[in-house]
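# Structural overview for review
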Amino acid sequence: MLNLVLFGPPGAGKGTQAIYLKKKYRLIHLSTGDLLRTQIAAKTELGIQAKLFIDKGELVPDELVIGMIKVKLNQCANIKGFIFDGFPRTEEQAKALDVLLNENNTPFSGMLALEVEKQELVDRLLERGQTSGRSDDADVSIIENRIKTYHVKTAPVMDFYAKQKKKYSINGMGGIEDIAQRLNEVVANF
Ligand code: C5P
Ligand code: MG
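Residues numbered from 1 in each chain as written. Chains lettered and ligands numbered in written order. Predicted model: local features only at pLDDT ≥ 70, side-chain atom pairs only at ≥ 80, totals over all residues. Heavy atoms only, no water.

Right, let's get into unusual backbone geometry. With an omega dihedral of 0°, the bond running from Phe87 to Pro88 counts as a cis peptide bond. Phi at Lys165 takes a positive value of approximately 55°, unusual for a residue other than glycine. In this fold, Lys165 is placed in the loop between helix H9 (156-163) and strand S5 (167-171). (Helix = DSSP H or I, 4+ residues; strand = E, 2+ residues; numbered from the N terminus.)

So, in structure tokens, the structure goes:
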């Protein structure tokens, strides 16, 4: 099994690169952001709760996000592995992921951390906002808050995996195909 965490700030290209990795290694792509947006569209209790945080560029509480991932992992038997995109976003979520993978007797392969300069992140998100219909992509102050939230709450997750020697930094600047190639050079060795 191949279980990958695709990591990076908002706009780093996690979703874009997940599509390549998913195809190549036949993995299940679990994007917590997409899952939450599906819940919001369906106006479920979880979606209503999540929207309060997402609209401000804040993080949805750990117990809600972890509960959602847990349900998904239990639904998927006999598969080649997962790409976690946008999860874990806190150290608490990283610890929960370790427990869940252990319970499912499946190994953690590695964290792929996409590194992108701040101005490039803002530019990419604003561009995406023109077509994504995501209100959190359309407003510079919400984008700034998402990037700030990333630095305060999410970036420490890198240390968590670095200590386990499971963190791999990838240059996330440049062309999509070039970045896919860089990721592949790492994943091919897992
Ligand atoms: O990953 P993505 O950028 O699609 O996430 C969009 C929003 O969903 C985040 O800005 C955050 O508000 C929320 N989210 C979260 N916790 C996660 C994943 C997403 O709070 N693990
Ligand atoms: Mg995404």
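There's more to say after this.
What surrounds ligand 1 is a group of 14 residues, the closest being Arg37, Glu58, Val60, Gly86 and Arg89. Here an oxygen atom of ligand 1 sits 3.0 Å away from a polar atom, N or O, in the side chain of Arg37. With respect to ligand 1, the backbone of Val60 contributes an N or O atom lying 2.6 Å from an oxygen atom. In isolation ligand 1 exposes 450 Å². Once the protein is present, 95% of that is buried. Considering each element in turn, the shell around ligand 1 owes the most residues, four residues, to helix H2 (residues 32-41). (Near = heavy atom within 4 Å. Polar contact = N/O pair within 3.5 Å; in protein donor to acceptor, adjacent residues only side chain to side chain. Areas by Shrake-Rupley, 256 points an atom, 1.4 Å probe, with all protein chains shown as cover.)

Let's shift gears to the nonpolar core. Within the largest apolar cluster, 30 residues are counted, with the highest numbers of intra-cluster contacts made by Val5, Phe7, Phe84, Leu97, Met111 and Tyr161. Elements that contribute at least two residues to this core include exactly strand S1 (2-7), H2, helix H3 (45-54), helix H4 (62-75), strand S3 (81-85), helix H5 (91-103), strand S4 (110-115) and H9. Here Met111 is in contact with Val5, Phe7, Val157, Met158, Tyr161, Lys166, Lys167 and Tyr168, once residues within four sequence places are set aside. (Core = buried A, V, L, I, M, F, W, Y, C linked by side-chain atoms within 4.5 Å. Buried < 20%, exposed > 50% of the residue type's maximum accessible area, 1.4 Å probe, protein only. Contact = heavy atoms within 4.5 Å.)

Over its 13 residues, H5 runs 19 Å from end to end, which matches the ideal 18 Å to within 8%, given 1.5 Å per residue. Along H5, the positions that sit buried rather than exposed are Gln93, Ala94, Ala96, Leu97, Leu100 and Leu101. For H5, the arc enclosing every buried residue in end-on projection is 160°, short of the 170-degree limit, so these residues lie on one face. Facing away from the buried side of H5 by over 90 degrees, the exposed positions are Asn102 and Glu103. Those residues of H5 that are buried are in contact with S1, H4, S3 and H9. Note on H5: the residue one or two positions beyond its end, Asn105, has a positive phi of about 55°. (Expected span 1.5 Å × (residues − 1). Arc of directions from axis to C-beta.)

Between the first and last C-alpha of helix H1 (residues 14-25) there are 16 Å, a value that for 12 residues agrees with the 16 Å anticipated at 1.5 Å per step. Every buried residue of H1 is listed here: Lys14, Gln17, Ala18, Leu21 and Tyr25. End-on, the buried residues of H1 take up no more than an arc of 110°, which puts them together on one face. At its buried positions, H1 is contacted by S1, strand S2 (28-31), S3, S4 and helix H10 (176-187).

Between helix H8 (residues 140-154) and H9, the shortest axis-to-axis distance is 6 Å and the interhelical angle comes to 40°. Between H8 and H9, the angle falls in the class oblique. Two secondary-structure elements touch here, H8 through Tyr150, His151, Val152, Lys153 and Thr154 and H9 through Pro156, Val157 and Met158. Class assignment for the residues of the contact of H8 with H9 results in five nonpolar, two polar and one charged. (Axes fitted to C-alpha atoms, helices over the stretch in contact; angles between N-to-C directions. Parallel < 35°, antiparallel > 145°, perpendicular 65-115°, else oblique. Nonpolar A, V, L, I, M, F, W, Y, C, P; charged D, E, K, R; others polar.)

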